[in-house]
Structure formats: structure tokens, C-alpha cells
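# Geometric and topological summary
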Amino acid sequence: MPIVVEIDVLLAKRKMSVGELADRVGITPANLAVLKNGRAKAVRFSTLAALCEALECQPGDLLRWEDGDDEDGDDGDA
């Protein structure tokens, strides 16, 4: 998928654990891991806003577009 989630980078910069971030955001560590590892197909704006608040960042700090082929075989139709 051409969208890369940069949660690992921000966690390292802030010396914060996945569990601590999950608690601050109000989601399970398992759901945070799905997002962190790039396996999520969607993210709610409320979750994105909570991540930004907890990590003191902007949405663009969390998400990055990377040019490349779509790995899941999706033809791009929405």
C-alpha cells in the first residue's frame, strides 16, 4: 500500500511505548499494532485526532505517501 504509517518513528522520538500510546488514545494495543504495521484499511478521523494529540504532531507526521505498486492487488476502484 502506498500509504506508510510512521507511528514507530514518533514513538521512538517521544520515548513512548505502544501500550502507553494505546491507553492515551483509547484503543487496544492490538488495534494500534494493526495501524502501526500498515495492515489497517482505514482509520477514523477521531482516532487520527487522538493520535495527533497524544503524540503532539500533525496528521502528515503520522502518514506518508510512497510511490509504488499496490501490494494487495486492488485495482484502485473505490
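Structural notes, computed from the coordinates. (Residues numbered from 1 in each chain as written. Predicted model: local features only at pLDDT ≥ 70, side-chain atom pairs only at ≥ 80, totals over all residues. Heavy atoms only, no water.)

### Considering the overall build of the protein
Secondary structure summary: the protein contains 5 helices and 2 strands in total. Starting at the N terminus, the α and β elements of the protein follow one another as β-α-α-α-α-α-β. A total of 78 residues make up the protein; the buried ones form 29% of that total. Considering only contacts within the protein whose residues lie at least 6 apart along the sequence, 62% involve residues at least 24 apart. For the protein, the exposed surface amounts to about 5500 Å²; the carbon and sulfur share of it is 50%. (Helix = DSSP H or I, 4+ residues; strand = E, 2+ residues; numbered from the N terminus. Buried < 20%, exposed > 50% of the residue type's maximum accessible area, 1.4 Å probe, protein only. Contact = heavy atoms within 4.5 Å. Areas by Shrake-Rupley, 256 points an atom, 1.4 Å probe, with all protein chains shown as cover.)

### Considerations on empty space enclosed by the protein
Using the criterion set out here, one finds 1 cavity of 30 Å³ or more in the structure. Taken as a whole, the largest cavity encloses approximately 50 Å³ of empty space. Residue lining of the largest cavity: Val5, Ile7, Leu35, Val43, Leu48, Leu51, Leu62 and Leu63, and that is the complete set. Per-class residue counts for the lining of the largest cavity are 8 nonpolar, no polar and no charged. (1 Å grid on protein atoms, 1.4 Å probe; cavity = no way out; pocket = protein on both sides within 12 Å on 5 of 7 lines; lining within 4 Å. Points joined across faces, edges and corners; volume = space filled by probe spheres on them. Nonpolar A, V, L, I, M, F, W, Y, C, P; charged D, E, K, R; others polar.)

### Overview of the packing of helix H1 (residues 7–14) against helix H3 (residues 29–36)
How two helices pack is summed up by the angle between their axes together with the distance between the axes. The interhelical angle for the contact between H1 and H3, taken along N-to-C directions, is 115°, at an axis separation of 9 Å. Of H3, the residues touching H1 (which contributes Ile7, Asp8 and Leu11) are Leu32, Leu35 and Lys36. (Axes fitted to C-alpha atoms, helices over the stretch in contact; angles between N-to-C directions.)

### Considerations on a nonpolar patch on the surface
The grouping of Ile3, Leu63 and Trp65 at the surface amounts to a nonpolar patch, some 310 Å² of accessible area in total. Secondary-structure assignment places Ile3 in strand E1 (residues 3–5). (Patch = residues over 30% accessible without salt bridge, like charges linked within 9 Å, V, L, I, M, F, W, Y side chains within 5 Å. Salt bridge = Lys/Arg side-chain N within 4 Å of Asp/Glu carboxyl O.)

### Brief notes about unusual backbone geometry
Here Lys15, not a glycine, exhibits a phi torsion of approximately 50°, which is positive. Note that Lys15 resides in the loop between H1 and helix H2 (18–25). Of note in this structure, Glu56 is not a glycine but carries a positive phi near 50°. Here Glu56 is to be found in the loop between helix H4 (45–55) and helix H5 (59–62). Residue classification places Glu56 among the exposed positions, given a relative accessible area of 70%.

### Regarding H3
Inspection of H3 places Leu32, Ala33, Leu35 and Lys36 among the buried residues, and these make up the whole buried set. Down the axis of H3, the smallest arc covering the buried residues is 160°, so these residues share one side. In this structure, the buried side of H3 is in contact with E1, H1, H2 and H4. Positive backbone phi, approximately 80°, marks Gly38, located one or two places after H3. (Arc of directions from axis to C-beta.)

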